[in-house]
Amino acid sequence: MIRRPPRSTLSSSSAASDVYKRQAANAFDWKAHSGKTITILMNEHPVLDGIRSLIPQFEKDTGIKVKVNALAEDLYFDRMEVNLRGAKGADAHFCPMDATAFNQFSAGLLQPLNGFLNDSSATNSDYDVNDFPSGFLNATNFPGGPGSNYYCIPMSFESYIVFYNKELVNKYLGGKLPETMDELIAMANKVKADSGGEVAGAAMRGLRTDTNIDTISGLVFNAWGDRSIEGPYGVWFDGAWDKPRLDDPAIQKGLSDYAGLMQAGPSDILSYNWNEAGNAFCNGQAAFFADASLFGPWFETDDCPISKGNTGYMALPPQEKGGTSYTANWQWGIGMGANAQEKDAGWYFIQYMTDKYAEPKIGTFHGGAGRLSTWENDDYTSTLNPDYVSATLESMKTVRTSVVPVQDFNKYALEIMDVILKIHGGASSADATAEGNANFQNM
């Protein structure tokens, strides 16, 4: 998870009004709540930069006045909780589509959105919520199963892909790219060995923290393949909370793949979080980097002069040559609290900023647009590296949410990271996962 992606200098599209196109679809009235004022609570983020560019047009098109309450991210999460638990809350807020949202849902703090989505007087007929991949929407489809509600609408996602330094791949690997995960690990270790350790074969998150779980899930899902995953237990439990399955061969393989890439990393990899790993790749210190797709636009900016124009992109290599790649995703979304004061006008804001007309514009500020149609929109894709677009779009086809909707999943996520660290330290995957299973049972 990258809660706030590295600063991007993507160009933005014009904020010209598209309201006439929206209104042409049906008799829906964007002026229905004219004269109202809403408050939006967000952290400073490239998505907010994009939203700010459209607020003047939104106010003109709807007659709704918008007040933005924006905070630095280190303050945002506490303020969000206070806002949701107060007598009167903001009318829309930036929503982390993970265990944070699940805990808020469990406490009755979030407003379900299906009532708006299913009301033709509240939602324009061309909104098309199904343009978002189900793997994205289901992240906050609580409590799971048919008939449940969405509590956040996706605004920015990250899937987990592979970045590679073209110059280093040419120098140490003759330009050959891996066709399987085993080849990726072998190639990464070859780069490290042949460079005498001067270049890391791979930059990975090696720090002991539960926030690595999303990237880890990407590699585990890739090993899991097309087998079903029963909600809400995720891949880690076999249909019940007292049946952990870290010792499943596919999970063992995914965790071992992660540990294998760590082995090809720098000597101080155990201190690497997402920012250290990302900066290592940005500065040309690693041949490969398996992590969040949202790093891609950053690697093409002047902030990264070594990786700019020298970065290749690919979906996670499959387990078998010619097979299918699978991955995970994490998202920021937008939703509203159960205590929102102007819910109808707040929904208009959410709808406007996530529809097919606004998303390509906002997406140019962050490079992680959630709608499939946006990835076919030249206004959006022309601002991005074509190989980045291809790799990310391929990853979207098989993406699954990394979210496990259960209280305190972070302690399980930390145990999963501990299993990887044991394998990295020399333990067998069988011994490490058996110990992890026992610890899961004790939780």
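Everything here concerns the structure above.
Not measured: the values here are computed from a predicted model.

Engineer: Break down the pattern of salt bridges for me, with residues and values.
Structural biologist: Per the stated rule, a full pass over the model turns up 18 salt bridges. The residue glutamate 179 makes a salt bridge to lysine 321 at a minimum N-O spacing of 3.7 Å. Taken together, the residues span a long stretch of sequence, with glutamate 179 in the loop between α7 (166-173) and α8 (181-194) and lysine 321 in the loop between β9 (311-315) and β10 (327-335) at a distance of 142 residues. For glutamate 179, a relative accessible area of 33% translates into the label partly exposed. Overall, lysine 321 belongs to the exposed group, its relative accessible area being 60%.

Engineer: I'd love a proper account of the side chain of serine 156, names of residues and values included.
Structural biologist: Relative to the assigned elements, serine 156 resides in strand β6 (residues 153-165). A polar atom in the side chain of serine 156 sits 3.4 Å from the side chain of histidine 366. Setting aside residues up to four positions removed in sequence, serine 156 forms contacts with His45, Val47, Leu294, Trp330, Gln331, Trp332, His366 and Gly368.

Engineer: Please provide a residue-by-residue account of the environment of asparagine 385, values included.
Structural biologist: The topology assignment puts asparagine 385 in the loop between α15 (378-381) and α16 (386-396). When the C-alpha atoms of asparagine 385 and tryptophan 224 are compared, they prove to be 29 Å apart, with 161 residues separating the residues in sequence. Each residue touching asparagine 385, except ones within four places of it in the same chain, is listed here: Glu300, Thr311 and Tyr313. A polar side-chain atom of asparagine 385 sits 2.7 Å from the main-chain amide nitrogen of aspartate 387.

Engineer: Tell me what's going on with the packing of α8 against helix α10 (residues 249-263), and back it up with residues and numbers.
Structural biologist: The geometry of a pair of packed helices is captured by two quantities: the angle between their axes and the separation between those axes. Closest axis-to-axis distance for the α8/α10 pair is 9 Å, and the angle between their directions is 15 degrees. Comparing the axis directions of α8 and α10 gives the class roughly parallel. In this structure, α8 meets α10 at a crossing whose hand is left-handed. Seen from α8, the contacting residues are Met181, Asp182, Leu184, Ile185, Ala188, Asn189 and Lys192; seen from α10, they are Lys253, Asp257, Gly260, Leu261 and Gln263. Tallied by class, the residues present in the contact of α8 with α10 amount to five nonpolar, three polar and four charged.

Engineer: Residue-level account of the pairing of strand β2 (residues 65-71), with values.
Structural biologist: Pairing analysis gives seven bridges linking strand β1 (residues 37-43) to β2, with the strands arranged parallel. Counterpart to threonine 37 in the pairing with β2 is lysine 65. In the classification by handedness, the crossover that spans β1, the intervening helix α2 (residues 46-62) and the parallel β2 is right-handed.

Engineer: Break down helix α17 (residues 409-424) for me, with residues and values.
Structural biologist: When the terminal C-alpha atoms of α17 are compared, their 23 Å separation across 16 residues agrees well with the 22 Å that a helix rising 1.5 Å per residue should span. Listed as buried for α17 are Phe409, Tyr412, Ala413, Glu415, Ile416, Met417, Asp418, Val419, Ile420, Ile423 and His424. Considering only its buried residues, α17 is in contact with α9 (213-224), α10 and α18 (429-442). Looking at the residues trailing α17, positive phi occurs at glycine 426, about 120 degrees.

Engineer: Go over the environment of asparagine 275 with me, naming the residues and quoting the values.
Structural biologist: Within the element layout of this structure, asparagine 275 appears in helix α11 (residues 274-282). With 20 residues separating them in the primary sequence, asparagine 275 and phenylalanine 295 have C-alpha atoms 9.9 Å apart.

Reading guide: rules and limits
Residues numbered from 1 in each chain as written. Predicted model: local features only at pLDDT ≥ 70, side-chain atom pairs only at ≥ 80, totals over all residues. Heavy atoms only, no water. Salt bridge = Lys/Arg side-chain N within 4 Å of Asp/Glu carboxyl O. Helix = DSSP H or I, 4+ residues; strand = E, 2+ residues; numbered from the N terminus. Buried < 20%, exposed > 50% of the residue type's maximum accessible area, 1.4 Å probe, protein only. Polar contact = N/O pair within 3.5 Å; in protein donor to acceptor, adjacent residues only side chain to side chain. Contact = heavy atoms within 4.5 Å. Axes fitted to C-alpha atoms, helices over the stretch in contact; angles between N-to-C directions. Parallel < 35°, antiparallel > 145°, perpendicular 65-115°, else oblique. Left-handed = near helix turned anticlockwise from the far one by under 90°. Nonpolar A, V, L, I, M, F, W, Y, C, P; charged D, E, K, R; others polar. Pairing = 2+ DSSP bridges. Right-handed = clockwise from strand over helix to strand, strands pointing away. Expected span 1.5 Å × (residues − 1).

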